[in-house]
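Report on the structure
Residue-level listing of the chains:
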Amino acid sequence: MAEIHLKSLAHSYSKNPNKPADYAIREMDHVWEHGGAYALLGPSGCGKSTLLNIMSGLLSPTNGQVLFDGIEVNNIPPEDRNIAQVFQFPVIYDSMTVFDNLAFPLRNMKTPEVKVQSRVHEIAEALELTALLKKNASNLSADEKQKISMGRGLVRSDVSAILFDEPLTVIDPQLKWKLRRKLKQIHEQFNITMVYVTHDQLEASTFAEKIAVMYGGQIVQFGTPRELFERPNHSFVGYFIGSPGMNLIEVQRSTNGVKFGNTHINLEPEMVDLLAEMPSDNIKVGIRPEFIHVWDGPNTDAFCCDLMHVEDLGTYKILKLKLDGIELKVRIDEDQTIPKNKAYISFPEQWLLVYVDEFLIDASSEQQGIE
Amino acid sequence: MSLDLKNLGYEVEGEKYLTDVNLKLEPGSFNVLLGRTLAGKTSLMRLIAGLDRPTAGSIYMDGIDVTNIAVQKRNISMVYQQFINYPNLTVRENIASPLIIAKTKASEITRRVNETAAILQIEPFLDRYPLELSGGQQQRTSMARALVKDASIILFDEPLVNLDYKLREELRSELRDLFKERNAIAVYATTEPNEAMALGGVTTLLHEGRVIQTGLSTKVYRNPINIEAAKLFSEPAINLIPGRLSQNEVTFDDSVHFPLDDDLSKIPPGNYVFGVLPSHIGLVPNHDDDLEITMRMQLAEISGSETYMHVVNDHFNLVLQLSGVISYHIGDSIKVYLPTHKLFVFDQAGNTIQTPSQRIRGN
Amino acid sequence: MKKIPNNKAWFLVLPVFLLVAFSAIVPIMTVVNYSVQDIFDQNTAYFVGAEWYREMLRSPRLLDSLLRQFSYSFSVLLIEIPLGIAVALMMPAKGRMASVSLILVAIPLLIPWNVVGTIWQTFSRADIGLFGWSLNAIGIDYNYASNAGDAWFTVLLMDVWHWTSLIALLCYSGLRAIPEAFYQAARIDRASSWAIFRFIQLPRLKSVLVIGVLLRFMDSFMIYTEPFVLTGGGPGNSTTFLSQALTKMAIGQFDIGPAAAFSLIYYLIVLLVCYLFFTIINLQDKAK
């Protein structure tokens, strides 16, 4: 059982942090619930490795608490935290057989040999390693080694969370999806909290039920892959998730909505009211290339853009358009007709999102984001 | 400058790296070499550069045989997979180094370094050292060094492979724009079909040291000449189902039947391999002749904005490429719709008999 | 990637070949030539065939020093390898103290053999040497000049003092090459310090230790200067190792023929030991 609660957590590598930039992790509150499959996603340098090391106990946070099932573990070393970790490069004991590798944590805890036998066989079965048990661990392929590292975490019945640190980095591309599948199966079979740290959106979205996107030492969104795609809570999430990322346009307030150049975009009245209350002038609208509607011909509701470039990617096409000096990317299907010179587009209301100070403004619910 | 490769072969101690490569690269063209690891991409680039000498055939530049001319005299630049820069020189000095070797005038050097740095957006870092920069900036520096000297051939050996995908997206489109205004020949090796498509230009498919197909990327993509070309140029790879075409219907693996349409009925009966692109299969029917098949869910890989769904039944497995984020549980039973008018047909030897684009044209 | 074979490259090896010929092959052949003759003076020599080899292999002089040599080399390895590993494990991994300890450990390696001999010769003297005097003062009867065991002990101590640093430095670099993730994983697996040493550190030190063992074996097998400076091989013949026995025979007594045979046997023993060593290592690697 483990719910991992990061309470008012902050971490800085400098001795006397006084400004926000000194913090690798800015103050945050976050809960990884028991038994969930989670990912921690972000670009390099966003603080995700720091956060991982704080959870595993290799680093002690500057401020705040790490709670496992409500008990503070700040000062408990990694070996006593009941967590396992799978590293970027497979860590195996190469002088041992696969069996001995898997048995190692159990034998360290002086588990009776009968129990070691049954437990190792059970885990080897789940990981499809049974045929390799007698082999020397040093001659295996990277994916098999990585399964062993994972197995060493699973054999211990007291392990309640497994942390993964970019575990598929050294795996052959053709084998990656099989290992991803294995990971998901393992998660469904064993009721264990798993946190998967990566910079790759595919890894994160495939593995996790919920993803925490980290940017600049903060978790800017914690949501399902679908939420990250359809309702990014922060402009960075919009940019980082999806290829190409979200179109983000800097805009000013106007009477019925927002404008840039001579282009006016109407928004719902609730949204207009909400925007008027906000002190900040840093307003952006965002829409994904997939959601921009392209009309077949001129239309009163549509904006007229110049077609700059068409990128034919085979399965779909990316149109690069210019609207009032702003470049927009639009994704259209393979069979859809490509407009000539001018394109007529509109932004469906449900997919047009408004960001103030980089965070999403939601008119339907109460204000979110900035705290 | 044009580049002509004639019957090039390269082997070492009986091991063949390249066999009978014939290619003509036009001035100002962007050429992508697409192939898996060890397909011979790097070998071919090294021959073009003059770092290795071919064991058969010859290389012509502007009609002049340069097969035996050393690399230093070929006016070539190369960008590698690793970020290769001089660690003890600043970014500015790194970029200037080819010009200094060529004994260019100081004022000219300053002008060109600034110009190239501006294009690649590394102006703010000119006085820093490469190791103080991020991976993307380091690779920009090595690209700037390759671009600054006006080489007539610029070779890129998987330059973006070590960068994360957002940086790849950006650098890829910058590169393409950069070459629009140049008259140099660009040769770009990659293992990723999507990258070949995104870069545009001409794609040459390399497989086991041989050229299997070459042509405009979009044309090669839609009309692969054989099964190998189709597999190489699709990501996720094209779904292949063995089947039997009889007088009036097609049977996939003795399990699924559907009637012939006009185009399929032109093919003589027999055993064929049918191909369908992952992006052509859907979860909802959108054409009359869509074939409904019940499959079991194996895994949904989500790329952020797309879902690659791996499904299986007792006879074959399929991968679907769907827009948006779609989640299912492993083991769920789902119906997929396979458009029979978008089938690729390959004969037993693997040669293409029909592609969807030919069939649309035929209608 | 493989390169095209280019036979012209062999010409570039020619100078080295010539150099090796003059520095090794010609001298060895000269020695082989000596070993089959009985030489009286420059103009008088008789061919004696394998006579000297037979004699040498039966000579107690050679056999005794050979035995002494082996027990010495094995003692050296037995002490220096574990001690070197222990020192390396205790050295700090990073920070200011890491460089300080590196320098301290490296100092003995910078001192020439004969100086080491002289230092210990003085240091251990029972009358004026601090070490020798102190031992006697606390009631241990110690005098390397008269007691064979004490002399042996002193030569061994000298070697350990001089060369344990080499093993320590080799192991230190080997230890630093182990990625941090291995230690983290082991901690999470709740491995004891002994288990970490046994299953992570030791296996990964194997390749440096192979080099260390080989270097120390070869080097100690050639030991000459230290016992020569200390007691000249005495008391009696107690610290006369192979090289010194050989020198005495060749230069002291000018028995060129037997000495040549002796040195070739010596040479073959070294080769044999190296060969065995490598065979065992290779077999182990293949067995994996």
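Residues numbered from 1 in each chain as written. Chains lettered and ligands numbered in written order. Predicted model: local features only at pLDDT ≥ 70, side-chain atom pairs only at ≥ 80, totals over all residues.

**Structural notes on the overall build of chain B**
Scanning chain B for helices and strands turns up nine helices and 20 strands. Taking the principal axes of its C-alpha atoms as reference, chain B extends roughly 75 × 45 × 40 Å. Counting all 363 residues of chain B, 43% fall into the buried class. (Helix = DSSP H or I, 4+ residues; strand = E, 2+ residues; numbered from the N terminus. Buried ≥ 20, exposed ≤ 12 C-beta atoms within 10 Å, placed from the backbone.)

**A few points about the pairing of strand β4 (residues 56-61) of chain B**
Residues and elements named next belong to chain B. Two elements, strand β1 (residues 3-12) and β4, share five bridges in a ladder whose sense is antiparallel. Paired with glycine 9 across the strands is alanine 56, a residue of β4. The sheet contact formed by β4 and strand β5 (residues 64-65) spans two bridges and is antiparallel. Opposite tyrosine 60, over in β5, you have aspartate 65 as the bridge partner. Where β4 hands over to β5, the hairpin turn is made up of two residues, of which aspartate 62 adopts a positive phi near 50 degrees. (Pairing = 2+ DSSP bridges.)

**Describing the domain arrangement of chain B**
Residue and element names in this part refer to chain B. On domain assignment, one finds that chain B holds domain 1 (3-232) and domain 2 (239-362). Listed per partner, the contact involves eight residues of domain 1 and ten residues of domain 2. The leading source of residues in the side of domain 1 that touches domain 2 is helix α8 (residues 227-232), at three residues. Per-class residue counts for the side of domain 1 that touches domain 2 are four nonpolar, two polar and two charged. (Domains from an automatic or database assignment. Contact = placed C-beta atoms within 7 Å. Nonpolar A, V, L, I, M, F, W, Y, C, P; charged D, E, K, R; others polar.)

**Quick word on the sheet that holds strand β17 (residues 316-323) of chain A**
All names here are of chain A. Strand order in this open sheet of five strands is β15-β19-β16-β17-β18, and the pairing throughout is antiparallel. The sheet terminates laterally at β15 (293-295) and β18 (326-333), the two strands that pair on one side only. Adjacent strand axes in the sheet meet at a mean angle of 45 degrees, parallel and antiparallel pairs treated alike. Judged from the three bridges that link them, β15 and strand β19 (residues 342-346) form a sheet pairing that is antiparallel. In the strand pairing of β19, tryptophan 295 is matched with tyrosine 344. (Axes fitted to C-alpha atoms, helices over the stretch in contact; angles between N-to-C directions.)

**Quick word on the interface of chain A and chain C**
At the interface, 21 residues of chain A touch 16 residues of chain C. For the side of chain A that touches chain C, the per-class residue count stands at twelve nonpolar, six polar and three charged.

**What to know about the packing of helix α3 (residues 60-90) of chain C against helix α9 (residues 193-221) of chain C**
All names here are of chain C. Packing of α3 against α9 brings their axes to within 9 Å, and their N-to-C directions diverge by 145 degrees. As α3 runs across α9, the sense of the crossing is right-handed. Where α3 approaches α9, its residues Gln69, Tyr72, Ser73, Val76, Leu77, Glu80, Ile81, Gly84 and Ile85 are matched on the opposing element by Leu205, Leu209, Gly212, Val213, Arg216, Phe217, Ser220 and Phe221. Among the residues making up the contact of α3 with α9, the classes are represented as ten nonpolar, five polar and two charged. (Left-handed = near helix turned anticlockwise from the far one by under 90°.)

**Considering the UniProt feature "domain: ABC transporter" (unreviewed entry) in chain B**
In the UniProt entry, the feature "domain: ABC transporter" (unreviewed entry) is given for residues 3-233 of chain B. Taken end to end, residues 3-233 of chain B is 36% helix and 27% strand, and its first and last C-alpha atoms sit 24 Å apart. (UniProt positions renumbered as here; feature names shortened; annotations may be inferred.)

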